[in-house]
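# Fold and contact review
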Amino acid sequence: MKKYTDTGKKDTRSGFGAGMTVLGRTNPNVVALCADLIGSLKIQEFIDENPERFFQVGIAEANMMGMAAGLTIGGKIPFTGTFANFSTGRVYDQIRQSIAYSGKNVKICASHAGLTLGEDGATHQILEDIGLMKMLPGMTVINPCDYNQTKAATIAIAEYEGPVYLRFGRPTVANFTPEDQKFEIGKALLLNEGTDVTIIATGHLVWEALIAAEALEAKGISAEVINIHTIKPLDEEAILKSVAKTGCVVTAEEHNYYGGLGESVARVLVKNQPAPQEFVATNDTFGESGTPAQLMEKYGLNNKAIEKAVEKVLKRK
Amino acid sequence: MSNIQQLNDLATQVRRDILRMVHKVNSGHPGGSLGCTEFFVALYNEIMELKDEFDMDGIGEDLFFLSNGHISPVFYSVLARRGYFPVKELDTFRMIDSRLQGHPTTHEGLPGIRVASGSLGQGMSVAIGAALAKKLNKDNHVIYSLHGDGELQEGQNWEAIMYAAAYKVDNYIATVDYNGQQIDGATDDVLPMGDLRVKFEAFGWDVMEIEEGNNIEAVIAGMKEARTRTGKGKPVCVLLHTVMGNGVDFMMYTHAWHGKAPNDEQLEKALAQNPETLGDY
């Protein structure tokens, strides 16, 4: 199987911050808004270099979303920054009416997604955000897998006209994709070719999927691994092509299985070529306090959970 | 424009448009629309600096945002009669395949609309964003917005009010349609909001009042004064005292016509009080 090397664990939010720094230097229309979480979103460098293009809105996310919509009128490209919970559920109607329905070119950038923000616990651990955002007509939903990809995605969405939800996280995770990759919205990445099962993963579970694939290979199981960084629009062609070959699927994401990537994949399969599928996702539950590793273990989101799901789905072929 | 007689004639015609639009589809919001007719006529014909052609970015002109989107009939009529789209299109209000949705939206590409509104309390934030974009673009024009008084019960407004004062968004004039009514009754009965003037001032706004919000000369004078107050470090709030349902005697001084259309007989009576001036659509 193809080898991927972790060049050193990094947090994806820092990838976002690095992307913002690049945008600050290259695109004069990019502006940033933040709801009292500059440090958490890692955008201090953007602010230092472009103070006139940064808006500190305070703990007032609804106002932030509306202001972002207004800033597009006049040609600005606003990037909003707060935790995923406060970027989606708290401001759903503001996003729905002032941004999505109004077709505004706002980039909603959400850190601390999922369980792995850790010790803060369930009030902050949103596991429903992908579902909320993908249901909005016209919304693009992106969940990159590591630091380098988050940086590349941040830069890429500035070039794209339309509302985008960009999801990333707090913990340090393996950084294994190329440093200066070109990020194509909506284009799945085939990381490993295989013949027995397709593992479709998003976010930092892509790395877990690669570890699982290696372990499976040792057991004589050939796993194809696809990195779906864009959940909407979904690269249906890549999914169908792979499943036509392998005949079964495991999806993996740090999200409730209701409304997540898994359901999007299932819809594509059911409509085109039904195949057995297992879901690595949280099981309709809230999270709790703990370390990221403990939470991924307890809620079945790590490479071992993926391995188990593969063994299960193979029996259903 | 224009002399006062011409503006009053336009206001009368706009009231006819509002009544006929909501009557035809037996739905819509005539009360607040009628109450704000003079404000819209004045704003779009005497106050705002506008380009001839509509474009979304609106660089080099004043912009207006309607936050209480349910009073779309008055907005549509005034936009159409200002030349943004054919007046005849008013006949499609709230009908299938129309650009004139129940609440205003950019979704169908209607010229003159820059954001969707209807779910209340969002317009001020959008207006502030647009005002900040003007500053970044060094575009020396003004942002206007209109809000229902009842709409100020939505918390997002107070986030926006706090922001605009704190960050000196002084190229912005927010007007409150101060008619004291909302769907379930008088605002003082539903959720009393206390002294709005004092509240805005406490947040750091420059507040002025237009006592006769249904007198076009008073509205013009007041909004001109509001404009002179821009650029001085504070956002400007205009409390516009209006009568909901103004211009139709049986619709005035009540919340009953907030979201109710007149029947045939009521329409006839209402139109008789507002004789045709510029020609019906």
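Keep in mind the model is a prediction, meaning the values are calculated, not measured.

## A look at the overall build of chain B
A count of helical and extended segments in chain B gives 10 helices and 7 strands. On C-alpha atoms alone, chain B measures out to a radius of gyration of 17 Å, which is about the 19 Å that the 2.2 N^0.38 rule sets for 281 residues. Projected onto the principal axes, the alpha-carbon positions of chain B cover approximately 50 × 45 × 35 Å. Across the 281 residues of chain B, 58% fall into the buried class. When contacts within chain B are restricted to residue pairs at least 6 apart in sequence, those whose partners lie at least 24 apart make up 75%.

## A word on the overall build of chain A
Scanning chain A for helices and strands turns up 13 helices and 14 strands. Whereas a compact globule of 317 residues would reach a radius of gyration of roughly 20 Å, chain A reaches 19 Å, a difference of no more than 12%. Buried positions account for 65% of the 317 residues belonging to chain A. Intrachain contacts of chain A at a sequence separation of at least 6 include 80% that bridge at least 24 residues. Carbon and sulfur atoms make up 51% of the accessible area of chain A, which amounts to about 11600 Å² in all. Charge centroids of chain A, computed over 32 positive and 37 negative side chains, lie 3 Å from each other.

## Brief notes about the interface of chain B and chain A
The interface of chain B with chain A comprises 31 residues on the first partner and 26 residues on the second. Summed over both sides, the interface between chain B and chain A buries roughly 2200 Å², with carbon and sulfur atoms accounting for 55% of that surface. Summed over the shared surface of chain B and chain A, the number is 0 salt bridges. Elements with a contribution of two residues or more to the side of chain B that touches chain A: β1 (63-66), α5 (123-136) and α6 (156-166) of chain B. Counting residues per element, the side of chain B that touches chain A draws most heavily on α5(B), which supplies 8 residues. Within the side of chain B that touches chain A, the residues separate by chemical class into 15 nonpolar, 12 polar and 4 charged.

## Examining the sheet that holds strand β3 (residues 172-178) of chain B
Backbone-to-backbone hydrogen bonds join strands into a sheet, with any given pair of strands oriented parallel or antiparallel. Residues and elements named next belong to chain B. The sheet built from 5 strands is open, its strands ordered β1-β2-β3-β7-β6 with parallel pairing. Two strands close off the open sheet at either side, each with one partner strand: β1 and β6 (206-210). Across the sheet, the mean angle from the axis of one strand to that of its neighbour is 20°, orientation sign disregarded. Bridge analysis of β6 against strand β7 (residues 236-241) gives 5 bridges, and the strand direction is parallel. Each residue of the ladder has a partner; that of Met208, found in β7, is Val238.

## Quick notes on the domain arrangement of chain A
All names here are of chain A. As far as domains go, chain A holds domain 1 (10-173) and domain 2 (189-315). Put simply, the middle of domain 1 and the middle of domain 2, counted by C-alpha atoms, are 25 Å apart. At the interface, 30 residues of domain 1 touch 33 residues of domain 2. At the boundary of domain 1 with domain 2, total buried surface from both sides reaches about 2300 Å², with 56% on carbon and sulfur atoms. The three residues of domain 1 that bury the most area against domain 2 are Leu115, Leu127 and Lys134, which together make up 27% of that side's buried surface. Linking domain 1 with domain 2 are 0 salt bridges, by the criterion used here. The tally of links from domain 1 across to domain 2 stands at 23 residue pairs in polar contact (both at pLDDT 80 or more).

## What about the environment of Glu208(A)?
Residue and element names in this part refer to chain A. In this fold, Glu208 is placed in helix α9 (residues 205-218). Owing to a relative accessible area of 12%, Glu208 belongs among the buried residues under this scheme. Sequence-distant contacts of Glu208, that is, excluding residues within four places in its chain, are made with Met296, Leu301, Asn302, Asn303 and Ile306. A distance of 2.8 Å separates a polar atom in the side chain of Glu208 from the backbone nitrogen of Asn303.

## Details of the packing of aromatic side chains
The way to describe two aromatic rings as a pair is by their centre distance and the angle between their planes. Overall, the coordinates contain 22 aromatic pairs over all chains when judged by the stated rule. Taking the centre distance of 5.0 Å and the plane angle of 40° together, the rings of Phe176(A) and Trp207(A) count as tilted. One end of the pair, Phe176(A), is in the loop between β8 (172-173) and β9 (189-192); the other, Trp207(A), is in helix α9, and 31 residues separate them in sequence. Given a relative accessible area of 17%, Trp207(A) falls into the buried group. Summarising the aromatic geometry, the rings of Tyr44(B) and Phe75(B) are spaced 6.3 Å apart at their centres and angled 50° between planes, so their arrangement reads as tilted. Of this pair, Tyr44(B) sits in helix α3 (residues 37-47) while Phe75(B) sits in helix α4 (residues 72-81); the two residues are 31 residues apart in sequence, bridging distant segments of the chain. Both residues of the pair, Tyr44(B) and Phe75(B), count as buried.

## Observations concerning the nonpolar core
Counting residues in each nonpolar core, the largest one holds 73 residues, and the members touching the most others are Ile128(B), Tyr172(B) and Trp205(B). With 8 residues, the top contributor of residues to this core is α5(B). Here this core spans two domains, and each of domain 1 (10-173) and domain 2 (189-315) of chain A adds at least three residues to it. Residues within four places of Ile128(B) in sequence aside, it is in contact with Met67(A), Ala160(B), Tyr163(B), Ala164(B), Val169(B) and Tyr172(B).

## What about the pairing of β3(B)?
Residue and element names in this part refer to chain B. Among the 7 residues in β3, 6 count as buried, and that is most of the element. As a crossover connection, the stretch from strand β2 (residues 143-148) through α6 into β3 is right-handed. Judged from the 6 bridges that link them, β3 and β7 form a sheet pairing that is parallel. Pairing of Thr175 across the sheet is with Val238, part of β7.

## A few points about the pairing of β2(B)
Residues and elements named next belong to chain B. For β2, the buried fraction is high: 6 of the 6 residues fall into the buried class. The alternating pattern of β2 places Ile143, Ser145 and His147 on one face and Tyr144, Leu146 and Gly148 on the opposite face, and all of these are buried. As paired strands, β1 and β2 are joined by 4 bridges and run parallel to one another. Considered in β2, the bridge of Phe65 is made with Ser145.

## Observations regarding the sheet that holds strand β6 (residues 140-142) of chain A
Residue and element names in this part refer to chain A. The sheet built from 7 strands is open, its strands ordered β3-β2-β4-β5-β7-β6-β12 with mixed pairing. In this open sheet, the two strands that pair with only one neighbour each are β3 (54-56) and β12 (230-232). Between one strand axis and the next, the sheet turns by 20° as a mean value, whatever way the strands run. Bridge count for β6 against β12 is 2 bridges, and the pairing is antiparallel. Paired with Val141 across the strands is Lys232, a residue of β12.

Conventions adopted
- Residues numbered from 1 in each chain as written.
- Chains lettered and ligands numbered in written order.
- Predicted model: local features only at pLDDT ≥ 70, side-chain atom pairs only at ≥ 80, totals over all residues.
- Heavy atoms only, no water.
- Helix = DSSP H or I, 4+ residues; strand = E, 2+ residues; numbered from the N terminus.
- Rg over C-alpha atoms; globule rule 2.2 N^0.38 Å.
- Buried < 20%, exposed > 50% of the residue type's maximum accessible area, 1.4 Å probe, protein only.
- Contact = heavy atoms within 4.5 Å.
- Areas by Shrake-Rupley, 256 points an atom, 1.4 Å probe, with all protein chains shown as cover.
- Lys, Arg positive; Asp, Glu negative; His and termini not counted.
- Charge placed at Lys NZ, Arg CZ, Asp CG, Glu CD.
- Buried area = accessible area lost by both parts, 1.4 Å probe.
- Salt bridge = Lys/Arg side-chain N within 4 Å of Asp/Glu carboxyl O.
- Nonpolar A, V, L, I, M, F, W, Y, C, P; charged D, E, K, R; others polar.
- Pairing = 2+ DSSP bridges.
- Axes fitted to C-alpha atoms, helices over the stretch in contact; angles between N-to-C directions.
- Domains from an automatic or database assignment.
- Polar contact = N/O pair within 3.5 Å; in protein donor to acceptor, adjacent residues only side chain to side chain.
- Phe/Tyr/Trp six-rings, centres within 6.5 Å; stacked < 30°, edge-to-face > 60°.
- Core = buried A, V, L, I, M, F, W, Y, C linked by side-chain atoms within 4.5 Å.
- Right-handed = clockwise from strand over helix to strand, strands pointing away.

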